[in-house]
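Each chain is listed here by its residues.
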Amino acid sequence: MATYAYVDVARFINIDGTFVNGALLGASGTLDDGEEDNTFEGVETVDGGVRPGQLYEGFVEIGGQPWPAFSGPPGELFVYFGTPVTPPLNFTVVNPFPFTVCFAPGTAIATPEGTVAVEALSIGDPVLMADGRAVPVKWVGRQTHVPLFQRLRLIRIGAGALGEGLPAHDLVLTADHALMLEGVLVNAGTLVNGTTITELRDLPERVTVYHIETENHDIILAEGTPVETYIDYAGRQAFDNYAEYVALYGADRPIAENPAPRISSARMLPAALCAGRS
């Protein structure tokens, strides 16, 4: 029967979107999947560690690798294993990120030499800011999702949907990724209108998305549209290549947030942007 040790674990977020900062999922002990084999594979249900009446999502670290984890009925936790692992292993909640903020692959990012697909950018490559200045890429984070088990909202902003020919081509990004519109940062999900701006359905089994970190929380151009660079709302541990970041820079660093107001709900949209959604 597969069991493994877990240590005090930190914070998850509620699936309804509220952030539970520092919520402990349990004390030190062991978890048991109740099966006769000696591996964890596929989707396992383990007892203990979840507060009754709350839904959580996040990642656990097992064997030094992050695995998606979600609460089920009170007292149970689901862990999704892409490949089998053999306990006993440490179990620690990592990556308690409240947002997934990324670009879909193929998104054209403006550089001084023309556009480059986001996934083709390298550390040190210059990208153009909305004000015309060039800044170097500090890191390109890569994040793989399994939509069947993880909450992932991808928004397609159709070509020209924002007016003045923007975006130049369809722009696909996560719902919490902000665009700079009318002087405010607007999460893409708030702009959905069911016609020119829509949420993608029927996602593939695995989806990989990318984010660009520069020195500051900058505004760059994706498909010609002003959008934000990485801001550490989402922990870098959320990304598949987090070890690369640590190897490069030694440790996470804080990023000062762009001072522009952020719109995260459709009811908060300025009148001019509401008109543009109709």
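In this report, we go over the structure that sits alongside the text.

Rules and cut-offs
- Residues numbered from 1 in each chain as written.
- Predicted model: local features only at pLDDT ≥ 70, side-chain atom pairs only at ≥ 80, totals over all residues.
- Heavy atoms only, no water.
- Salt bridge = Lys/Arg side-chain N within 4 Å of Asp/Glu carboxyl O.
- Helix = DSSP H or I, 4+ residues; strand = E, 2+ residues; numbered from the N terminus.
- Pairing = 2+ DSSP bridges.
- Buried < 20%, exposed > 50% of the residue type's maximum accessible area, 1.4 Å probe, protein only.
- Core = buried A, V, L, I, M, F, W, Y, C linked by side-chain atoms within 4.5 Å.
- Contact = heavy atoms within 4.5 Å.
- Axes fitted to C-alpha atoms, helices over the stretch in contact; angles between N-to-C directions.
- Phe/Tyr/Trp six-rings, centres within 6.5 Å; stacked < 30°, edge-to-face > 60°.

**Let's talk about the pattern of salt bridges**
- Counted according to the given criterion, the structure contains 10 salt bridges.
- Here Glu215 and Lys138 are joined by a salt bridge, their closest N and O atoms 3.4 Å apart. Taken together, the positions of Glu215 in the loop between β19 (207–213) and β20 (219–222) and Lys138 in the loop between β12 (134–136) and β13 (139–145) put the pair 77 residues apart, joining distant regions of the chain.
- The closest approach of N and O atoms between Glu215 and Arg253, which form a salt bridge, is 3.6 Å. Residue Glu215 is found in the loop between β19 and β20, and its partner Arg253 is found in the loop between α1 (242–249) and β22 (262–263); the two are separated by 38 residues along the sequence.
- Salt bridges sharing partners connect three or more residues here, namely Lys138, Glu213, Glu215, Arg236, Asp252 and Arg253.

**Side note on the pairing of strand β10 (residues 114–117)**
- Pairing geometry for strand β9 (residues 108–111) and β10, over four bridges, is antiparallel. Residue Ala108 lies in a different strand from β10, and its bridge partner there is Ala117.

**Some words on the pairing of β9**
- Neither face of β9 is left uncovered, since the one carrying Ala108 and Ala110 and the one carrying Ile109 and Thr111 both have all their residues buried.
- Connecting the antiparallel pair β9 and β10 is a turn made up of two residues.

**Concerning the environment of Arg201**
- Tracing the chain through its elements places Arg201 in the loop between β18 (197–199) and β19.
- Overall, Arg201 belongs to the exposed group, its relative accessible area being 61%.
- Along the backbone, Arg201 and Ile155 are 46 residues apart, and their C-alpha atoms lie at a distance of 9.5 Å.

**Points about the nonpolar core**
- By size, the foremost hydrophobic cluster in this structure holds 30 residues, and its most contacted members are Phe103, Ile109, Ile157, Leu179, Val186 and Ile212.
- Put simply, the parts of the chain that give this core at least two residues each are β14 (154–157), β15 (171–174), β16 (178–181), β17 (184–187), β19 and β20.
- The contact partners of Leu179, leaving out residues within four places of it in the chain, are Ile157, Leu162, Leu171, Leu173, Val184, Leu185, Val186, Ala188, Leu191, Thr225, Pro226 and Val227.
- Grouped together as the second largest cluster of nonpolar side chains are 15 residues, Ala104, Val172, Val207 and Tyr245 included.

**Considering the environment of Pro136**
- Checked against the element boundaries, Pro136 lands in strand β12.
- For Pro136, a relative accessible area of 51% puts it in the exposed group.
- Between the alpha carbons of Pro136 and Glu213 there is a distance of 9.0 Å; along the sequence they are 77 residues apart.

**Let's talk about the sheet that holds β18**
- The three strands are arranged β15-β14-β18 in an open sheet whose pairing can be described as antiparallel. Each edge of the open sheet carries a strand with a single partner, namely β15 and β18. Each strand of the sheet is rotated relative to its neighbour by a mean of 25°, with strand direction disregarded.
- Across four bridges, the pairing between β14 and β15 is antiparallel. Within the sheet, the bridge partner assigned to Ile157 lies in β15 and is Leu171.

**Thoughts on the packing of aromatic side chains**
- Inspection of the entire model under this criterion finds four aromatic pairs.
- Between Trp139 and Phe239, the ring centres sit 5.5 Å apart and the planes meet at 80°, which makes this aromatic pair edge-to-face. With Trp139 in strand β13 and Phe239 in the loop between β21 (225–228) and α1, this residue pair connects regions lying 100 residues apart in the sequence.
- Judged by its relative accessible area of 3%, Phe239 falls in the buried class.
- What links up through ring pairs into an aromatic cluster is the set Trp139, Tyr230, Phe239, Tyr245 and Tyr249.

Everything listed here is a matter of geometry and, on its own, says nothing about what the molecule does.
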